[in-house]
Amino acid sequence: MDFLRPASWEEALAAKAEHPAAVPIAGGTDIMVEINFDHRRPEHLLDLNRITELSEWEVGGESVRLGASVPYTRIMEDLRTELPGLALASHTVASPQIRNRGGVGGNLGTASPAGDAHPALLAAGAEVEAESVRGSRLIPIDAFYTGVKRNALAPDELIRAVHVKKADGPQQYAKVGTRNAMVIAVCAFGIALHPGTRTVRTGIGSAAPTPVRAEAAEEFLSAALEEGGCWDSGGAITPSVAKRFAELASGACNPIDDVRGTARYRRHAVGIMARRTLGWTWEQYRRSGRTLEGAA
Amino acid sequence: MTMRVNFTVNGRQQQADDVWEGESLLYVLRERLGLPGSKNACEQGECGSCTVRLDGVPVCSCLVAAGQVEGRDVVTVEGLADFARQRAEHGHGGRQRAEHGHGGCATGACGTPLQEARRWSAGGTDSQTGEGAELSPVQQAFIDAGAVQCGFCTPGLLVAADELLERNASPSDADIREALSGNLCRCTGYEKILDAVRLAAARQGEAV
């Protein structure tokens with residue numbers, strides 16, 4: 001095994017080009033477990049800790065450019081206003097020690113369907129900034145997850161940042177597990193209201209081979225809100241609309257039975273989370289005087 | 001292939017040789033530097049027994065690759081008493097201290113030498129009360145509150161609790177629970193541990 005320690009982003013890209021099978025290590029909270037348990041012996045480890053810009057973020061007009069290694073602790077504490085859904089999701093990651101090291105780049109690189117950030121990224125709307133010596137590109141989050149623990153990155157690419165849309169309305173995140181801390185999701189659900197475009201976006205974690213959006217549920221709800229004039233009136237969402245939204249969210253799942261839960265339980269729980277988080281966000285939207293401010 | 005890693009441990013410059021590239025910081029501390037205070041239990045970041053400060057930040061040392069600590073600053077439970085004393089005297093906590101960068105303390109007067117750290121024990125002249133040993137306030141509080149049973153989780157809890165009290169002088173119960181949520185204890189049921197942190201916080205408040 002070789003331990004590569006690039007001092008700059010350019011050096012990191014060059015190293016990845018030279019050794020496409022090199023495994024990037026930033027927080028180490030995924031890869032070190034695999035190495036400690038002898039599940040993986042990469043020929044090259046590519047340490048990204050010296051590249052300081054990966055731990056920085058920039059708040060722009062439309063979105064936040066979040067460096068791949070910004071620790072979850074920083075997202076929770078410093079980006080609550082701009083990225084409320086992702087901040088809530090970050091707070092459910094493992095423990096303080098893990099949140100101090102792990103970041104969204106690792107979640108995206110590992111691309112586990114159970115990664116906590118994914119539903120929030122799908123709901124907010126995001127693009128993954130991937131770069132190689134050949135150049136840089138933005139991959140829409142909807143096209144990023146390609147299979148169980150597979151993503152759209154080319155072998156020579158590294159994740160530089162993720163561009164997450166700043167909240168233009170309330171966002172929520174819910175996760176089912178056996179306890180609050182140190183738990184991998186049985187399933188998870190993220191929702192973001194976008195009053196600016198009068199749309200609703202969602203994300204489902206751990207209930208399909210990849211993180212997915214509940215697109216039929218989104219379309220149904222957006223149409224129902226439009227039809228009822230709810231975005232302007234702030235009118236209540238009827239129980240039948242909430243119920244249908246939950247059923248469609250549940251229907252977007254394609255889960256499996258495993259040690260953490262059955263497929264049936266996951267479908268059920270996703271429906272419950274969809275209904276609850278819709279209730280929370282919509283109440284917040286109504287109470288907030290329908291401003292465009294997001295809040296967690 | 002192996003490598004050499006230079007980093008600061010408990011305020012003193014250290015060098016570890018023959019380090020395998022996939023090795024964890026925890027392994028380097030325990031097996032190469034002879035500092036067994038940080039415990040090796042789950043090796044997957046679940047239990048917190050190996051918690052140390054890395055540039056001031058609490059992390060699971062089992063999930064930090066040894067090569068990642070080159071030039072950085074680590075505090076282990078063996079150095080916690082000195083670390084807390086220096087913080088009280090000079091007001092430099094972990095984050096400020098990390099800014100000293102390479103070499104830790106400029107004068108070399110602070111920090112815990114490796115030989116001392118290896119011999120460190122909470123025993124003193126009376127292991128029941130901690131009498132005669134130099135303890136950090138949080139260590140003394142753990143003894144006084146009866147928060148130690150088998151002791152395996154204790155080093156990680158001490159490092160995590162000390163960091164909590166450094167940034168939050170009067171934590172609520174919810175703050176304490178959250179700060180310690182990454183540290184598992186299978187003996188105490190946590191009540192005595194919570195008592196100990198409350199006690200340390202109360203004493204810290206009285207001292208100010």
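Per an unreviewed UniProt entry, chain B carries the name (2Fe-2S)-binding protein and comes from Streptomyces pacificus.

As annotated in an unreviewed UniProt entry, chain A is Xanthine dehydrogenase family protein subunit M from Streptomyces pacificus.

*Asks:* Go over the domain arrangement of chain A, please, and point to the residues and values.
*Replies:* All names here are of chain A. For chain A, the domain assignment lists domain 1 (2–39 + 55–165) and domain 2 (171–287). For the side of domain 1 that touches domain 2, the leading source of residues is helix α7 (residues 117–124), giving seven residues. Residues that form the side of domain 1 that touches domain 2 fall into these classes: 14 nonpolar, seven polar and two charged.

*Asks:* Report on the environment of W231(A), specifying residues and quantitative values.
*Replies:* Residues and elements named next belong to chain A. Within the secondary structure layout, W231 lies in helix α9 (residues 230–233). When the 18 C-beta atoms within 10 Å are taken as the criterion, W231 is described as partly exposed. With 24 residues separating them in the primary sequence, W231 and P255 have C-alpha atoms 33 Å apart.

*Asks:* Lay out the sheet that holds strand β3 (residues 44–47) of chain A with the relevant residues and their values.
*Replies:* All names here are of chain A. Strands sit in the order β1-β3-β2 across an open sheet of three strands; the sheet is parallel. A strand with exactly one partner marks an edge of an open sheet, and here the two such strands are β1 (2–4) and β2 (23–25). Strand-to-strand twist in this sheet, taken as the mean axis angle between neighbours without regard to direction, amounts to 30°.

*Asks:* Talk me through the nonpolar core; I want residue IDs and the actual numbers.
*Replies:* Formed by 148 residues in total, the largest nonpolar core has its most connected members in L86(A), L121(A), A124(A), V270(A), A274(A) and A161(B). Aside from chain neighbours lying at most four places away, what touches L121(A) is L86(A), A126(A), I141(A), V162(A), V164(A) and G203(A).

*Asks:* Run through the interface of chain A and chain B, naming residues and quoting values.
*Replies:* Contact residues are listed per partner, giving 24 residues for chain A and 24 residues for chain B. Going through the elements one at a time, β1, α2 (31–36), β3 and α5 (96–99) of chain A are the ones with two or more residues in the side of chain A that touches chain B. The element that contributes the greatest number of residues to the side of chain A that touches chain B is α2(A), accounting for four residues. The class makeup of the residues in the side of chain A that touches chain B is 13 nonpolar, seven polar and four charged.

*Asks:* Explain the domain arrangement of chain B residue by residue, including any values.
*Replies:* Residue and element names in this part refer to chain B. Domain annotation of chain B identifies domain 1 (2–98) and domain 2 (121–207). Counting residues per element, the side of domain 1 that touches domain 2 draws most heavily on helix α2 (residues 80–90), which supplies four residues. Here the side of domain 1 that touches domain 2 is composed, by residue class, of nine nonpolar, seven polar and three charged.

*Asks:* Help me get a handle on unusual backbone geometry, residues and values and all.
*Replies:* Unlike most non-glycine residues, M182(A) shows phi in positive territory, near 50°. As for its position among the elements, M182(A) is in the loop between β11 (171–176) and β12 (187–194). In this structure M182(A) comes out as buried when scored by C-beta crowding, with 20 C-beta atoms within 10 Å. You will see that D55(B), though not glycine, has its phi angle at about 50°, which is positive.

*Asks:* Explain the packing of helix α8 (residues 215–227) of chain A against helix α10 (residues 239–251) of chain A to me, using residue names and the numbers behind them.
*Replies:* Residue and element names in this part refer to chain A. It is at 8 Å that the axes of α8 and α10 come closest, and there the two elements cross at 160°. It follows that α8 is roughly antiparallel to α10 by the angle criterion. Relative to α10, the crossing made by α8 is right-handed. Of the residues in α10, those touching α8 at A216, A217, F220, L221 and A224 are V241, R244, F245, L248, A249 and G251.

*Asks:* Could you give me a rundown of the pairing of strand β1 (residues 2–9) of chain B, with the residues and numbers involved?
*Replies:* It is a general feature of regular strands that their side chains alternate between the two faces of the sheet. All names here are of chain B. Bridging between β1 and strand β2 (residues 12–20) involves seven bridges; their strand directions are antiparallel. In the sheet register, N6 faces β2, and the bridge partner there is Q15. Following β1, the chain reverses through two residues before pairing antiparallel with β2; N10 in that reversal takes a positive phi of roughly 50°. Note that β1 and strand β5 (residues 73–75) share two bridges and pair parallel. Paired with T8 across the bridge in β5 is D73.

*Asks:* Got a sec to walk through helix α4 (residues 84–91) of chain A? Specific residues and values, please.
*Replies:* All names here are of chain A. Counting buried residues in α4 gives eight out of eight residues, a clear majority hidden from the surface. Buried within α4 we find P84, G85, L86, A87, L88, A89, S90 and H91. Residues of α4 that are buried make contact with α3 (72–78), α5, α7, β10 (158–165), β11 and β12.

*Asks:* Tell me what's going on with the packing of α4(A) against α7(A), and back it up with residues and numbers.
*Replies:* Residues and elements named next belong to chain A. It is the contact of α4 with α7, at a shortest axis distance of 8 Å, that shows an interaxial angle of 175°. Relative to α7, α4 is oriented roughly antiparallel. Note on element contacts: α7 touches α4 through A117, P119, A120, L121, A123 and A124, opposite G85, L86 and A89. Residue composition of the contact of α4 with α7, by class: eight nonpolar, one polar and no charged.

*Asks:* Please provide a residue-by-residue account of the UniProt feature "domain: FAD-binding PCMH-type" (unreviewed entry) in chain A, values included.
*Replies:* Summarizing the sequence annotation, UniProt attributes the feature "domain: FAD-binding PCMH-type" (unreviewed entry) to residues 1–169 of chain A in the numbering used throughout. The span residues 1–169 of chain A carries 30% helix and 26% strand; its end-to-end C-alpha distance comes to 48 Å.

*Asks:* Explain the sheet that holds β11(A) to me, and be specific about the residues and the numbers.
*Replies:* All names here are of chain A. Strand order in the open sheet formed by three strands is β11-β12-β13, with antiparallel pairing between adjacent strands. This sheet does not close on itself; its edge strands, each paired only once, are β11 and β13 (199–205). Here the average twist between neighbouring strands, direction ignored, is 10°. Where β11 lies against β12, six bridges are found, and the strand directions are antiparallel.

How each quantity is defined
Residues numbered from 1 in each chain as written. Chains lettered and ligands numbered in written order. Predicted model: local features only at pLDDT ≥ 70, side-chain atom pairs only at ≥ 80, totals over all residues. Domains from an automatic or database assignment. Helix = DSSP H or I, 4+ residues; strand = E, 2+ residues; numbered from the N terminus. Nonpolar A, V, L, I, M, F, W, Y, C, P; charged D, E, K, R; others polar. Buried ≥ 20, exposed ≤ 12 C-beta atoms within 10 Å, placed from the backbone. Pairing = 2+ DSSP bridges. Axes fitted to C-alpha atoms, helices over the stretch in contact; angles between N-to-C directions. Core = buried A, V, L, I, M, F, W, Y, C linked by C-beta atoms within 7 Å. Contact = placed C-beta atoms within 7 Å. Parallel < 35°, antiparallel > 145°, perpendicular 65-115°, else oblique. Left-handed = near helix turned anticlockwise from the far one by under 90°. UniProt positions renumbered as here; feature names shortened; annotations may be inferred.

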